[in-house]
Amino acid sequence: LGLPFSEAVRVGNMLYLAGQIGNTPGKLELVPGGMRAEAKQAMENMKTILERNGSSLDHVVKCTVFLADMKEWPVFNEVYRSFFSSHFPARSSLGTSGLAIGARVEIECIAVVRPPNFGLKDLSK
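What you see as residue numbers is a count from 1 along each chain, following the sequence as written. Only residues with pLDDT of 70 or above have their local features reported here, since the model is predicted, and side-chain atom pairs are shown and tallied only from 80 upward, although totals for entire chains, interfaces and linings are computed over all residues. Where side-chain values are given, they derive from all heavy atoms of the structure, hydrogens and water being excluded.

Caption draft 1: Structural view of the overall build of the chain. Secondary structure elements follow DSSP: runs of H or I of four or more residues count as helices, runs of E of two or more count as strands, with numbering from the N terminus. Within the chain, the secondary structure is distributed over two helices and six strands. Reading the secondary structure of the chain in the N-to-C direction produces β-β-β-α-β-α-β-β. For a compact globule the rule gives 2.2 Å times the number of residues to the power 0.38, and the radius of gyration it is set against comes from C-alpha atoms. For the chain, the C-alpha radius of gyration of 14 Å lies close to 14 Å, the compact-globule estimate for 125 residues. C-alpha extents for the chain along the principal axes are approximately 40 × 35 × 20 Å. Relative accessible area decides the class of each residue, using a 1.4 Å probe on protein chains only: under 20% of the type maximum gives buried, over 50% gives exposed, and in between gives partly exposed. Burial statistics for the chain: of 125 residues in total, 38% are counted as buried. Note on definitions: a residue-residue contact is assigned when non-hydrogen atoms from the two residues lie within 4.5 Å. Sequence-distant contacts in the chain: of pairs separated by 6 or more residues, those separated by 24 or more amount to 75%. When the accessible surface of the chain is summed, it comes to about 7000 Å², and 54% of that surface belongs to carbon and sulfur atoms. Here the Shrake-Rupley method, with its probe set to 1.4 Å, supplies the accessible areas, and only the displayed protein chains count as covering residues.

Caption draft 2: Geometry of the environment of His59. Tracing the sequence through the fold places His59 in the loop between α1 (34–52) and β4 (60–67). For His59, a relative accessible area of 9% gives the class buried. Considered as a pair, His59 and Met70 are eleven residues apart in the sequence and their alpha carbons are 27 Å apart.

Caption draft 3: The pattern of salt bridges, seen in detail. One speaks of a salt bridge when a side-chain nitrogen belonging to Lys or Arg is within 4 Å of a carboxyl oxygen belonging to Asp or Glu. Summed over the entire model, instances satisfying the criterion amount to four salt bridges. One salt bridge connects Glu44 with Lys40, and the closest N-O pair in it is separated by 3.9 Å. Here Glu44 and its partner Lys40 are both found in helix α1, four residues apart, which amounts to about one turn of the helix. Residue Glu72 is joined to Arg104 by a salt bridge in which the shortest nitrogen-to-oxygen separation is 2.9 Å. Placement of Glu72 in the loop between β4 and α2 (73–81) and of Arg104 in the loop between β5 (90–95) and β6 (105–112) is noted, with a sequence separation of 32 residues between them.

Caption draft 4: Highlighting the packing of α1 against α2. One way to put it is that α1 packs onto α2 with a least axis distance of 9 Å and a crossing angle of 35 degrees. Along this stretch, α1 crosses α2, giving a crossing that reads as right-handed. Of the residues in α2, those in contact with Met35, Arg36, Ala39, Lys40 and Met43 of α1 are Val75, Phe76, Glu78, Val79 and Tyr80. Gly falls in the polar group here, along with every residue not listed as nonpolar (Ala, Val, Leu, Ile, Met, Phe, Trp, Tyr, Cys, Pro) or charged (Asp, Glu, Lys, Arg). Here the contact of α1 with α2 is built from residues that sort into seven nonpolar, no polar and three charged. Lines are fitted to the C-alpha atoms to define the axes, a helix being fitted only along its stretch in contact, and any angle between axes, read from their N-to-C directions, falls within 0 to 180 degrees. Crossing handedness: left-handed means the near helix sits turned counterclockwise from the far one by under a right angle, and right-handed means the same turn made clockwise.

Caption draft 5: α2, seen in detail. All of the buried residues along α2 are Phe76, Asn77, Val79 and Tyr80. Buried residues of α2 fall within an arc of 165 degrees about the axis and therefore sit on the same side. Opposite the buried face of α2, by more than 90 degrees, sit the exposed residues Pro74, Glu78 and Arg81. Residues of α2 that are buried make contact with α1, β4, β5 and β6. Working note: the arc is built from the helix axis to C-beta atom directions.

Caption draft 6: Fine view of α1. With 19 residues, α1 extends 27 Å between its outermost C-alpha atoms, agreeing within 8% with the 27 Å of an ideal straight helix rising 1.5 Å per residue. Looking only at α1, the buried set comprises Met35, Glu38, Ala39, Gln41, Ala42, Met43, Asn45, Met46, Ile49 and Leu50. Along its buried surface, α1 packs onto β1 (8–11), β2 (14–17), β3 (20–21), β4, α2 and β6. Once α1 finishes, Gly54 follows within two positions and takes phi at roughly 85 degrees, a positive value. Expected span of a helix: the number of residues minus one, times 1.5 Å.

Any functional reading would require information beyond the geometric quantities listed.
Structure representation (structure tokens):
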């Protein structure tokens, strides 16, 4: 797409992902359906980039979530929960006055790149 950023940057065993929106992969078009559909696609986009770079959702340690409207927080959380089954990463969320191409949500994350037997412990339990 020729955008001026990397989708992910690895530093040692850490992987830093650029913010992901609910766009159709390879296109600057949002998937139709509003927050629920965009959140699901943004998470799928994030999952794909993590796996392409030797990590996975199981190795995400931190997410930052940007919402165009904080009233959509419950819908976003419902989708977000469906993607994290073994642990919940640390997370920050904030409302914005606008996101790229009119997106409802943007998610960025930091993950560990480790061998498959590496596990993260959910410290909230």
